[in-house]
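The lines below spell out each chain.
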Amino acid sequence: MPRLDKYCAVSALALAITACLMLSQIGSAQGLLVDTRSGHHVRLPRPHIIHPPYPYPHPQPIPASRYKIESLDVDVKLSDQLASVQVSQSFVNTGSQQMEVCFVFPLPYDGAIDRLTLMIDGKEYDAQLLPAEEARRLYESIVRKNQDPALLEWIGTGMFKTSVFPVPPGAKRTVKIRYSQICRKFEGMTDFLFPLSTAKYTSDAVEHLKIHLVIDSKTPIKNVYCPSHSVDIQRPVDSQAIVSFAMEKQIPTSDFRLFYDVGKEQLATSVISYRPDPGQDGYFLLLASPPIQADSAERPKKNVIFVMDRSGSMSGQKIEQAKGALKFVLNNLREGDLFNIIAYDSEIESYRPEIQRFNEETRLSALGFIEGLYAGGSTNIDGALQRAMSMLTDSSRPNYIIFLTDGLPTAGEMGETKIDANAKNANRVRARLFAFGVGYDVNSRLLDRLVRSNHGQSEYVRPNEDIEAAVSKFYQRIGAPVLTNVAIQVDVEGARVEQGTPINRVYPKETLDLFAGEQLVLVGRYKVSGSAKVVITGTMGDKEQRFDFPANLAAESGDSTNAFVAKLWATRRVGEIIDQLDLEGRNEELIKELVTLATEHGILTPYTTFLADETSNLHDMAFNTRHAGELALRQLSETDGLGAFMGRAGKGYLQRADQPNRAPAATVTPAGGMPSEGGLGSGAYYGRAAGPALVGDAAQTYDLERGENVAIQTVQMIGKKTFFFRGGRWVDSKLTEEEEKNANKITRFSDDYFELVRQHGREIGQYYALDEPVVVKIGDKVYEW
C-alpha cells in the first residue's frame, strides 16, 4: 500500500504569504500582484510540495520567473470594532524579466475597509476601491485571460486595486500597506479577519512571518480566541491583550481570524453556534474566562500533594529535574494552602505523616526534604497513590495530586486494572490526579486510566525534554483556582421535555475547575435551536456561585464562516473515541464513527490514515471499519514503548485541542530517507514528486514516530467540506457513489462555468480555486469540472 507523505504539512499560516512573490499574479500577505502586460497569460504560482511517488496526472511546468518573500510583518491595533493594520513585506524578483504589476487586495467582506495606502520603497501608489460587482467582472476577466481559476476564491466581495508599477529582475521591493478596518460583531464578539490566504499561491516558503496584534479596551477584555492559528496571548492588564504569532520558512493556507469580547462581569461567557444541516444536530463553542488576576481573598485554598518516583531508573539528570519541579511547585504555594510530598521506590516515604499548612517554616523544611531524595529501588505506584489519597479528607477544598513516574509498576500491586480500582476507591474527596509520564518506558495506558478515573489529565515528557519545565508550565496554569467544581447547563427557549437534553456530546465532559487567567474552551452538539440561557455554577472560595448568560443557537447557518466549530468538536470527539477504545476495548460502533469523522472532517488518526490513500474506497464502510479496528486493536494493545507513549500523547492532544486539528505549517523542502514501517498506522512516507497545491487546510494525523501532528496532501478541507484526491480529481467526501458517477459536467472557463459562479458566488468560488478537476455537491446538485 502506498505510504502517505509525512512532509506535506501545510499549516495555517505558511501558504498564505509566499504567494506575494510569484510571477504574474502573486499574492502579497493579503493581496495579489497581477501582471498587466498584454499577451502574457500567467497563472498564479503553486508551491512545489512533495507528493506520493506515483504518477501525478497534471504536472505543471516550472515558471520562468520566481519571487521569494524575505519577510512579512503584520501589526494590528484593535480598539472597539476598529482595526488599524500595517503590513510590511520585502520580496525579490529572482526572475529574468521585468514585471509590470498592480496590487489587488480582496476585501474580507464588504464595507470592511475605508482606506488603504500602498507604499513601495517609500513611494505611495493610489488604490481604487471596486465594489463587489465591478470586482467580479475584473476577477472573471483575469481568470479568462490566464485560464487560472484561483481568483474566483474571492469572488462576491469588493477589492482594492492599485496603479501599475514595475518590478525589475533582481530588484528587491519593500511594500508597506496601511488600512483601517471595521470588524464585524457576532454574538457579542468582535471578529477580526486578516485575509492571509492569498499567499498560498507561491513557489517557495516564507522566510519570516510575524503577526503582532494589540487589543485595547476601556471595558475589561474577557475572552480572546483564535480558531485559525496557535497564537501566544499575553494579558498584562484586564483592559489589554497582546496576541503574537511567528513562523519561519513555512507556507500558510488559512486566513488569520481572532475573536474577542469585553464586559464587566466577573465571569464572561460567549457562545458561537454552527448548523450547516437543519436536519442534524448543530455545533456550539462556549468560551468562558474568569478574571485575569483573581482577588486573593476569593481564591479557594487548595490541597496539593506531589508524588515523585525515585526508583533506580530515575537516577542522574531525571531525579535532579524532578526535584527542581517539586521545588517550583512548593515555592508557588500560597498562604493557607495545605501540602505534602511523597517519594516512592520499593518503599514509600512522606515529608510528614499528615498534610501540612504552607508557611515559611514548612517551605524551608520541605526544601531540605527534597534535597535528601536519591534514586534507587523498584516502583510501587499503587502504594504511593493510596498513601496520597489517604491524606486528602477535606472535600470542601480543591484537591490536587501531581504524580510523576518514568516506568512500570514493579513492586506492590502490579496489575493495571487493580491499581486503577484501588486509587479510585481511595479517592473520597474527588481529588484531581495529574500524571506526568517521563520517557518511553512508562506504562502510558495505566496513567491514562488513572487520570480518567480521578478527574485529571496526563502529560508525557520525552526523554530529551526537561521534567522541571514541563511540570512548572503545567502548575502555572492550575496554581490559582478561581471557580471549582464547575458545571454548565444550557436551557433553550421553547424546548420540550420529549426532545430530551438540548445539548449533548460536550467536551471536556467532566466537571472541571477554572483558573485565573485561563480560558475555558468547551464544544458540544445541540438538538434544539433558538434563544438560550447558559448557566454556569461552581464554588468560589467557600460560596456557591451561579452565572447566567444569554446565547443563540442557530437554526441553520447560511455559510461556512463558523465551520471551524464543527471541526473543533470533531477533533475532540475523535480523541474521546480513541480514549474509550484504549481503556474499554474494541467497539464496532465507535470504530465506525471514527471512520465517519475522518471522512467528513479530515481528522485522520494512526488508525484511519489509510483512507487518504488514493486507492482506498471511501464508500466501502464495512472494509474501512474492519481495517481501522484491526489497526487500533494492534496499536492500542501496547502499554509502553515509543509507539504507546506517542500514541497516548497524541490522544491527549486531540482531547484537549483548543483549535481545529492543525498540523505545523509545511516546509517545502523534501526530507531525506524513509521512515520505519507503521509510523502512521497504515504507513507514511516522504514523497519526492511535485503534487497538487493545496487551497484549503490539509488533513492531519498524529505521527507516532515524530510525536507531532503532520499534514496529508491528498485530503484537504475547504469551508465546510472535505475533499479526497481520487483518480486525479478532488472529490467531495459526502458524495454517494451514485452521485459521483452522475455529476453534471461543466467545461472549465466556459459560459456555464462562469454562470454557476454568478449564481452561487463564493460558496462555489472557493472550490473553483482548486487547480485539479473537482466533483462537489452544491445544494441538491452535483457538479464536475
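Above: the structure in question.
Predicted, not measured: the structure shown is a model, and the values here were computed from it.

Enquirer: Summarise the packing of helix H2 (residues 132-146) against helix H14 (residues 751-760); cite the residues concerned and give the values.
Expert: Direction vectors running N to C along H2 and H14 enclose 150 degrees, while the axes themselves pass 12 Å from each other. In terms of orientation, H2 and H14 fall into the roughly antiparallel class. Read as a crossing pair, H2 and H14 show a hand that is right-handed. The segment H2 lies against H14, with Arg136, Glu140, Val143 and Arg144 engaging Asp751, Phe754 and Arg758. Counted by class, the contact of H2 with H14 contains two nonpolar, no polar and five charged residues.

Enquirer: Can you break down the pairing of strand S20 (residues 256-262) residue by residue, with the values?
Expert: Burial within S20 is extensive, with six of its seven residues counted as buried. The pairing of strand S15 (residues 189-194) with S20 spans five bridges and is classified as antiparallel. The residue bridging Phe194 from the neighbouring strand is Phe256, located in S20. Summarising the sheet, strand S17 (residues 221-225) and S20 pair through three bridges and their orientation is antiparallel. Paired with Val224 across the bridge in S20 is Tyr260.

Enquirer: Tell me about the pattern of salt bridges, and please be specific about residues and values.
Expert: Between side chains of opposite charge, pairing is possible as soon as their charged atoms come close. On inspection of all chains with the given rule, the structure shows 39 salt bridges. In this structure, Lys651 and Asp579 form a salt bridge, with 2.9 Å as the shortest nitrogen-oxygen distance. Here Lys651 is found in helix H12 (residues 642-655), whereas its partner Asp579 is found in helix H9 (residues 563-584), with 72 residues between them in sequence. With respect to burial, Lys651 and Asp579 carry one shared label: buried. Note that Lys651 and Asp582 form a salt bridge whose closest N and O atoms lie 2.8 Å from each other. Residue Lys651 is found in helix H12, and its partner Asp582 is found in helix H9; the two are separated by 69 residues along the sequence.

Enquirer: I'd love a proper account of the environment of Asp732, names of residues and values included.
Expert: Position of Asp732 relative to the elements: it lies in strand S41 (residues 729-732). Each C-alpha atom, one on Asp732 and one on Val782, is 9.5 Å from the other, the two residues being 50 residues apart in sequence. Those residues in contact with Asp732, other than ones at most four positions away along the chain, are Lys721, Thr722, Phe723, Val775, Val776 and Lys777. A polar contact of 2.9 Å, which involves the side chain of Asp732, links it to the side chain of Lys721.

Calculation criteria
- Residues numbered from 1 in each chain as written.
- Predicted model: local features only at pLDDT ≥ 70, side-chain atom pairs only at ≥ 80, totals over all residues.
- Heavy atoms only, no water.
- Axes fitted to C-alpha atoms, helices over the stretch in contact; angles between N-to-C directions.
- Helix = DSSP H or I, 4+ residues; strand = E, 2+ residues; numbered from the N terminus.
- Parallel < 35°, antiparallel > 145°, perpendicular 65-115°, else oblique.
- Left-handed = near helix turned anticlockwise from the far one by under 90°.
- Contact = heavy atoms within 4.5 Å.
- Nonpolar A, V, L, I, M, F, W, Y, C, P; charged D, E, K, R; others polar.
- Buried < 20%, exposed > 50% of the residue type's maximum accessible area, 1.4 Å probe, protein only.
- Pairing = 2+ DSSP bridges.
- Salt bridge = Lys/Arg side-chain N within 4 Å of Asp/Glu carboxyl O.
- Polar contact = N/O pair within 3.5 Å; in protein donor to acceptor, adjacent residues only side chain to side chain.

Geometry only, nothing functional implied.
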